[in-house]
Structures are given as structure tokens and as C-alpha cells.
Amino acid sequence: DLLLTWMEANPQHAKTIAACSINLSGASMCDEYFSDYLHKRLKNSSFPANKIIFEITETSAMQNLANAQNLIFNLRQIGCRFALDDFGAGFCSFSYLQNLDVDMFKIDGSFVRNLETSELSKAVIRSITDIAHVLNKTTVAEHCESVKVIELLSELGVDKAQGYAIHKPQSISEYFGM
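Below: a short report on this structure. (Residues numbered from 1 in each chain as written. Predicted model: local features only at pLDDT ≥ 70, side-chain atom pairs only at ≥ 80, totals over all residues. Heavy atoms only, no water.)

Describing the layout of surface pockets
In this approach, a probe sized like a water molecule rolls over the atoms, and the result shows the empty space that is left.
Part 1 of the argument: Of the voids in this model, the largest pocket is the one considered here, and its volume is about 1,300 Å³.
Part 2 of the argument: Lining the largest pocket are 34 residues, with Ala19, Ser21, Glu55, Lys106 and Gln162 positioned closest to its centre.
Part 3 of the argument: Every element with two or more residues in the lining of the largest pocket is listed here: α1 (2–9), β1 (20–23), β2 (52–57), β3 (81–87), β4 (104–107), β6 (160–161) and α10 (172–175).
Part 4 of the argument: The dominant element in the lining of the largest pocket, judged by the number of residues it contributes, is β1, at 4 residues.
Part 5 of the argument: Residue classes in the lining of the largest pocket are distributed as 17 nonpolar, 9 polar and 8 charged. (1 Å grid on protein atoms, 1.4 Å probe; cavity = no way out; pocket = protein on both sides within 12 Å on 5 of 7 lines; lining within 4 Å. Points joined across faces, edges and corners; volume = space filled by probe spheres on them. Helix = DSSP H or I, 4+ residues; strand = E, 2+ residues; numbered from the N terminus. Nonpolar A, V, L, I, M, F, W, Y, C, P; charged D, E, K, R; others polar.)

What about the packing of aromatic side chains?
Part 1 of the argument: In total, this model carries 4 aromatic pairs according to the counting rule given.
Part 2 of the argument: Each ring, one from Trp6 and one from Phe176, has its centre 5.3 Å from the other, and the planes form 15°; the classification is stacked. Of this pair, Trp6 sits in helix α1 while Phe176 sits in the segment after α10; the two residues are 170 residues apart in sequence, bridging distant segments of the chain.
Part 3 of the argument: Ring centres 5.8 Å apart and planes at 35° place the aromatic pair Phe54 and Phe82 in the tilted group. Here Phe54 is found in strand β2, whereas its partner Phe82 is found in strand β3, with 28 residues between them in sequence. (Phe/Tyr/Trp six-rings, centres within 6.5 Å; stacked < 30°, edge-to-face > 60°.)

The following block contains the structure:
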């Protein structure tokens, strides 16, 4: 609600956004009424739902797979996209991926941080990326803190990167120079 309210109050900035990611808490994923609330809130917003990517953690999705599936189905109908956050750090069972219709896998930062020194991290990242691409999903590596790491990720086929090497976190007002 905070993001939507800000975007609605600042339409000149909202127009410049290609996509905006929002983390959903485990509590939100378990709340059977949250999906309907969010669907109504987005439908009544001037900020386009197709610019929103909801990030759900692997662990919270697996704790209540039925609610996660319902939430994704409900919000996809109005254009929202989904990312499976911290992928590889939780249950890491590839069997549920066919039932959880997300658009991207966000590779857990624990693998990315060790990329330069760990063959296991390279193998895990390569495996996640290969599986994602077979499923026509995008991969995003978290915790990218150097240009060297970004280069290695690119060599492994990772699609996108997120972290301090790209941009440090800041408030939405600071981001838009307000």
C-alpha cells in the first residue's frame, strides 16, 4: 500500500518505472484474505499492475503452497509478475517448480558471495540457471558486490544481477532525487 500510494501521488515518476519489486512476507502468503485484498487494491490503483514483481521466498511459498498458487494465479490475471526469492537456500526441491508459476528465480546471495572461491557455488548457480532457462524463466543473482562477480555470473548465463555493485539501497524519495 505504501508503494502504491507513493506512485499514485507521484505519477510523473511512476511513468518512468519499468518494473518495481515488492517482497511479500511469509505472513502475507499464509493469509487467505490477502490475495483478494491485494487484487482489489491493485485494480483500483493508477499504477499499472504489470509493472509489479512480487518476490516470495521459497520457504514461505512451500509452507503454504496452495495459498501461494492462489495468490500467483489471482494477481497474474491483472498483470503482476512473480519472483522466487532466495532460491536455492530453502527447500531446494525442483519438483514443486512446475506447480509454482513464477517468472524468475532470484539466486540466493550465499552462493553469489562465494562465487569467486567456491566451485560448488559456481555449480549451483549454473544448475539453477540451466533449470530456469529450460522452464523459460529469468535468473537474478542477489548480493552482487563487485564487477568481477557480475562478469562471472554473466559467464554462467545468469540474466540479471542485484546488489551494491549496481546500486545501493535508498528510499524511493531519494531514488527520484526528492
